[in-house]
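Here's the letter readout for the chains.
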Amino acid sequence: MAAKRSGGRSAEDWGRTACRWVMESDRKMTVSDLAARLAGRFELSRCEARRRIRSLIEQGRLTYVYHFGQSYVDLGFQRPTAITPGIVLCPPGCAHSPAGETITVILEPGAAFGDGRHPTTRLAAQGLETLGYPETDAGPHHRGIDIGTGSGILAIVAARLGVARVDAVDIDPCALSEARRNIDHNRLGRQITLRPEALEHLDTHYDLIMANLRLPTLCGLAPWIESHTHLRAHLLFSGFREQERPALRKTYPECRYPIRWSGTQAGWCALVLQRR
């Protein structure tokens, strides 16, 4: 069957739209799911929609992933990929010229959490963008900490956005190894310090806390955060579900930690709070 008219929309329109749908979906998306949406939106036959999905996979913009015997499509990250309007992830060795004030983060594919595919990582990056680096209403962020750094992506984004010093904390040797390589790729070894020890061994006070972790861990951090942050410090929390937000706010109440930004994506939530 011949492809239907695409309504005059360019290839970049449907390609960008397909990638956005995959990125923002609240469940894993199969090829059939994506083909049906493309066919309906851009007036394509199912055959043509599948052909276009294959072209996105060949370009490295999408990739196949397998979960319990079922294949799905996900973002590919084999070429520069925007995870927010101002932040682009790029694999090592891939030529990329950032436009305007866009920042580029070089990130190796790896096993550690934080490759940009998960909504919580993208939400956390969005939250960092909203803080208006290097100056905020609380003054410059001289020192930040990324708790459970994984790939190091949030520490790298924070440093790229202007945080003077960042401690990237993790106790997983695999994560620390990957984070080290990514920090080196981005030439931020003097700005980011990898810390393999537990939080209780740190006695620094911070202007910015970053934690992309599940709700029980975020709530459990409250005493440590209270004793290791300056007044007016910002707290960036991601990794919890929308329905878990009231429980988080019970631990970090408005009277002590007013909300400065909030975001949701695919059922996940992120907040930027400011300590009073």
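Given the structure is predicted, the values throughout are model-derived calculations rather than measurements.

What to know about the nonpolar core
If you look at soluble globular proteins, the nonpolar side chains tend to sit buried side by side. Within the largest apolar cluster, 34 residues are counted, with the highest numbers of intra-cluster contacts made by Ile 87, Leu 128, Ile 153, Val 157, Val 166, Ile 192 and Met 210. Considering every element that reaches this core, the biggest residue donor is helix α5 (residues 153-161), with 7 residues. Beyond its immediate stretch of four places on either side in the chain, Ile 87 contacts Thr 81, Ala 82, Thr 102, Ile 103, Val 105, Ala 125, Glu 129 and Val 157.

Points about the sheet that holds strand β9 (residues 206-212)
Pairing between sheet strands relies on hydrogen bonds along the backbone, with the strands arranged either parallel or antiparallel. The sheet built from 7 strands is open, its strands ordered β8-β7-β6-β9-β10-β12-β11 with mixed pairing. Two strands close off the open sheet at either side, each with one partner strand: β8 (192-195) and β11 (259-265). Mean inter-strand twist for the sheet, computed between neighbouring axes without regard to direction, equals 15°. Sheet analysis places strand β6 (residues 143-147) next to β9, joined by 4 bridges and oriented parallel. Bridge pairing links Asp 146 to Met 210 in β9.

Regarding the packing of helix α2 (residues 31-42) against helix α3 (residues 46-58)
Where α2 meets α3, the axes come as close as 8 Å, and the angle between the chain directions of the two elements is 115°. Seen along the crossing, α2 lies across α3 with a hand that is right-handed. For the pair formed by α2 and α3, the contact residues are Val 31, Ser 32, Leu 34, Ala 35, Ala 36, Leu 38 and Ala 39 on the first element and Arg 46, Ala 49, Arg 50 and Ile 53 on the second. When its residues are assigned to classes, the contact of α2 with α3 shows 8 nonpolar, 1 polar and 2 charged.

As for α2
The terminal C-alpha atoms of α2, which comprises 12 residues, lie 16 Å apart, in line with the 16 Å expected from a rise of 1.5 Å per residue. Those residues of α2 that fall on the buried side of the exposure criterion are Val 31, Leu 34, Ala 35, Leu 38, Ala 39 and Phe 42. The buried residues of α2 occupy an angular sector of 135° when projected down its axis, which confines them to one face. Looking one or two places after α2, you find Glu 43, whose phi comes out positive at around 55°.

So, the sheet that holds strand β5 (residues 103-106)
The 3 strands lie next to each other as β3-β4-β5, forming an open sheet whose pairing is mixed. Two strands lie at the open edges of the sheet, namely β3 (81-84) and β5, each paired on one side alone. The sheet shows a mean angle of 35° between the axes of neighbouring strands, taken without regard to direction. Contacts from helix α4 (residues 119-130) reach β3 and β4 (87-90) within the one sheet, and its direction differs from that of β3 by about 65°.

Quick word on the environment of Gln 243
The residue Gln 243 is located in the loop between β10 (229-241) and α9 (245-251) in this model. What makes Gln 243 exposed here is its relative accessible area of 63%.

Focus: the confidence of the model for the protein chain
Summing up the model confidence of the protein chain, the mean pLDDT is 87 and the portion of residues at 70 or higher is 89%. Counting interchain partners and residues more than four positions distant, the pLDDT-below-50 stretch residues 1-8 has 13 contacts.

Focus on the packing of aromatic side chains
Scanning all chains against the criterion turns up 3 aromatic pairs. Put simply, the rings of Phe 237, Tyr 252 and Tyr 257 touch in pairs and so form one group of aromatic residues. Looking at Arg 241, its charged tip hangs above the ring of Trp 268, at a distance of 3.9 Å from the centre. Directly above the ring of Tyr 257 sits Arg 256, whose terminal nitrogen or CZ lies 5.8 Å from the centroid.

Details of the pairing of β9
In terms of burial, β9 is a largely internal element, 7 of the 7 residues being buried. Relative to β10, β9 runs parallel, the two being bridged by 6 bridges. Within β10, the residue paired with Met 210 across the bridge is Leu 236.

Cut-offs used in this document
- Residues numbered from 1 in each chain as written.
- Predicted model: local features only at pLDDT ≥ 70, side-chain atom pairs only at ≥ 80, totals over all residues.
- Heavy atoms only, no water.
- Core = buried A, V, L, I, M, F, W, Y, C linked by side-chain atoms within 4.5 Å.
- Buried < 20%, exposed > 50% of the residue type's maximum accessible area, 1.4 Å probe, protein only.
- Helix = DSSP H or I, 4+ residues; strand = E, 2+ residues; numbered from the N terminus.
- Contact = heavy atoms within 4.5 Å.
- Pairing = 2+ DSSP bridges.
- Axes fitted to C-alpha atoms, helices over the stretch in contact; angles between N-to-C directions.
- Left-handed = near helix turned anticlockwise from the far one by under 90°.
- Nonpolar A, V, L, I, M, F, W, Y, C, P; charged D, E, K, R; others polar.
- Expected span 1.5 Å × (residues − 1).
- Arc of directions from axis to C-beta.
- pLDDT = per-residue confidence, 0-100.
- Phe/Tyr/Trp six-rings, centres within 6.5 Å; stacked < 30°, edge-to-face > 60°.
- Lys NZ or Arg CZ within 6 Å of the ring centre and 35° of its normal.

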